[in-house]
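Analysis of the macromolecular model
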Amino acid sequence: VTIRLLKTMTRITITMMRSLLLVFLPLLLLLLLSGTTVVEGVGSKQKADRSIVIYNFSNSRVEVSWVNPDNGNRALMSEPNVLHGASFNLNSYVNHNFEVKELPHSKTGECRQASECRSAIFTVNDNENQHMEVNADFEIVHKDHKTQAQADAVKMLDACKIKAVDELDDTSTTTTTTDQSPSPT
């Protein structure tokens, strides 16, 4: 009787676990996948969420706002503002637009250009490690892992070109010098 009871309880337990698994597995998968947005890439899939850093080198206080693509309304992201020399970290998504806007000086109430406060808009791209630098001219320099690698490659190529030209110049000077020696008569 005890063995029969144990077998029956085991079958009931296995049946219940299968039922629970069938009910909760789709829910669990739905929960796990709901937080991940996928962007089709060339031959691969990438997560669309991005961490970005905004560096303020504008010599002014700035605020950062998300720009709603449907109606153009701004949603302030930086509370209260980002001081000159400070950085602001933000989690966002590929293709989101943000506006960086200059704030008036707290004592004078004026911006650097007296007529109006400056602003600039940037868009989050597909690349990782994105840094936006707001410079003194209020231009946004957008850097990421790909553009940084390209810039480094260009610097290396330029250095190689200069070295090759210098070596060619040295070789032609040496050849010219030895070629101009007087011939014995």
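Here goes a summary of the coordinates provided. Keep in mind it's a predicted model, so treat the numbers as computed, not measured.

Some thoughts on unusual backbone geometry
- Going from E79 to P80, the amide bond is cis rather than trans, its omega being -5 degrees.
- If you trace the backbone, P80 turns up in the loop between β5 (74-76) and β6 (87-93).
- Located in the positive-phi region is N59, a residue other than glycine, with phi close to 70 degrees.
- Along the chain, N59 falls in the loop between β3 (49-56) and β4 (62-67).
- Relative accessible area serves as the criterion here: at 37%, N59 is assigned to the partly exposed category.
- Located in the positive-phi region is N95, a residue other than glycine, with phi close to 75 degrees.
- What makes N95 exposed here is its relative accessible area of 57%.

Regarding the sheet that holds β3
- Read from one edge to the other, the open sheet built from four strands follows the order β6-β3-β9-β10, with strand pairing classed as mixed. Every other strand in the sheet has two partners, leaving β6 and β10 (140-143) as the edge strands with one partner each. Neighbour to neighbour, the strand axes of the sheet diverge by 20 degrees on average, direction disregarded.
- Direction of pairing for β3 relative to strand β9 (residues 130-134): parallel, over a ladder of five bridges. When the bridges of β9 are listed, V53 appears paired with H131.

Topic: the environment of V64
- Relative to the elements of secondary structure, V64 occurs in strand β4.
- Sequence separation of V64 and P80 is 16 residues, and the distance between their C-alpha atoms is 9.5 Å.
- Contact partners of V64, with chain neighbours within four places excluded, come to I54, A75, L76, M77, S78, V82, F88, L90, F98, E99 and V100.

Cut-off values and rules
Residues numbered from 1 in each chain as written. Predicted model: local features only at pLDDT ≥ 70, side-chain atom pairs only at ≥ 80, totals over all residues. Heavy atoms only, no water. Helix = DSSP H or I, 4+ residues; strand = E, 2+ residues; numbered from the N terminus. Buried < 20%, exposed > 50% of the residue type's maximum accessible area, 1.4 Å probe, protein only. Pairing = 2+ DSSP bridges. Axes fitted to C-alpha atoms, helices over the stretch in contact; angles between N-to-C directions. Contact = heavy atoms within 4.5 Å.

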